[in-house]
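# Examining the three-dimensional arrangement
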Amino acid sequence: NLDIAAADVAEAAGAGVHPGWRERGLYAALLAARFAMARRLGAGFMASVAALDNLASLKGLLAAGAVAVANHRDADGDNMLFVRALTGALPLP
């Protein structure tokens, strides 16, 4: 259980790069822009979900400093919940 107030978390949902534009750093740039916007809006953390079979998203989130904190099951199946500190550090138990 992370000791983070819900009001301090921005949620990222749905992102992708067209297959013809992959391997050019666009996903990393998209994540960086999301983190920067969330910081400007006052969030201290960003939560993101990625499907377990979506290796590009999993690797991109990990490379961007997000930490896998839980399995999240929804209508699409099993996903990994990631949290990234936007300021300071992630309060890991």
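Remember, it's a predicted structure, so these values are computed and weren't measured experimentally.

With respect to burial, strand E2 (residues 45-51) is a largely interior element, 5 of its 7 residues being buried. Taken together, the 4 bridges between strand E1 (residues 9-12) and E2 define a ladder with parallel strand orientation. The residue bridging glutamate 11 from the neighbouring strand is alanine 47, located in E2. Handedness of the β-α-β unit built from E1, helix H1 (residues 26-40) and E2 comes out right-handed.

So, about the sheet that holds strand E3 (residues 67-74). In spatial order, the strands read E1-E2-E4-E3; together these 4 strands make up an open sheet with mixed pairing. Each edge of the open sheet is held by one strand with a lone partner, namely E1 and E3. In this sheet, neighbouring strand axes are inclined to one another by 30 degrees on average, regardless of whether the strands run parallel or antiparallel. Relative to strand E4 (residues 77-85), E3 runs antiparallel, the two being bridged by 7 bridges.

Another aspect to go through is helix H2 (residues 55-63). Among the residues making up H2, those that are buried are Ser57, Leu58, Gly60 and Leu61. Taken end-on, H2 shows its buried residues confined to a sector of 165 degrees, consistent with a single buried face. Every exposed residue of H2 that faces more than 90 degrees away from the buried side is listed here: Leu55, Ala56, Lys59 and Ala63. The secondary structure elements touched by the buried residues of H2 are H1, E2 and E4. Of the residues one or two after H2, glycine 65 is the one with positive phi, at around 95 degrees.

Before going further, it helps to spend a moment on the side chain of asparagine 79. Relative to the helices and strands, asparagine 79 resides in strand E4. A polar atom in the side chain of asparagine 79 sits 3.5 Å from the backbone nitrogen of alanine 51. With residues up to four places along the chain from it excluded, the contact list for asparagine 79 reads Val49, Ala50, Ala51, Leu52, Ala70, Asn71, His72 and Asp74.

What follows deals with the pattern of salt bridges. Using the criterion set out here, one finds 1 salt bridge in the structure. Where arginine 73 meets aspartate 78, a salt bridge forms, and the shortest distance between an N and an O atom there is 3.2 Å. On the accessibility criterion, arginine 73 (60% relative accessible area) is exposed.

This part is about the packing of aromatic side chains. Taken as a whole and assessed by the stated rule, the structure comprises 0 aromatic pairs. A cation over a ring is seen here: arginine 84 above phenylalanine 35, with NZ or CZ 4.3 Å from the ring centre.

Cut-offs used in this document
- Residues numbered from 1 in each chain as written.
- Predicted model: local features only at pLDDT ≥ 70, side-chain atom pairs only at ≥ 80, totals over all residues.
- Heavy atoms only, no water.
- Buried < 20%, exposed > 50% of the residue type's maximum accessible area, 1.4 Å probe, protein only.
- Helix = DSSP H or I, 4+ residues; strand = E, 2+ residues; numbered from the N terminus.
- Pairing = 2+ DSSP bridges.
- Right-handed = clockwise from strand over helix to strand, strands pointing away.
- Axes fitted to C-alpha atoms, helices over the stretch in contact; angles between N-to-C directions.
- Arc of directions from axis to C-beta.
- Contact = heavy atoms within 4.5 Å.
- Polar contact = N/O pair within 3.5 Å; in protein donor to acceptor, adjacent residues only side chain to side chain.
- Salt bridge = Lys/Arg side-chain N within 4 Å of Asp/Glu carboxyl O.
- Phe/Tyr/Trp six-rings, centres within 6.5 Å; stacked < 30°, edge-to-face > 60°.
- Lys NZ or Arg CZ within 6 Å of the ring centre and 35° of its normal.

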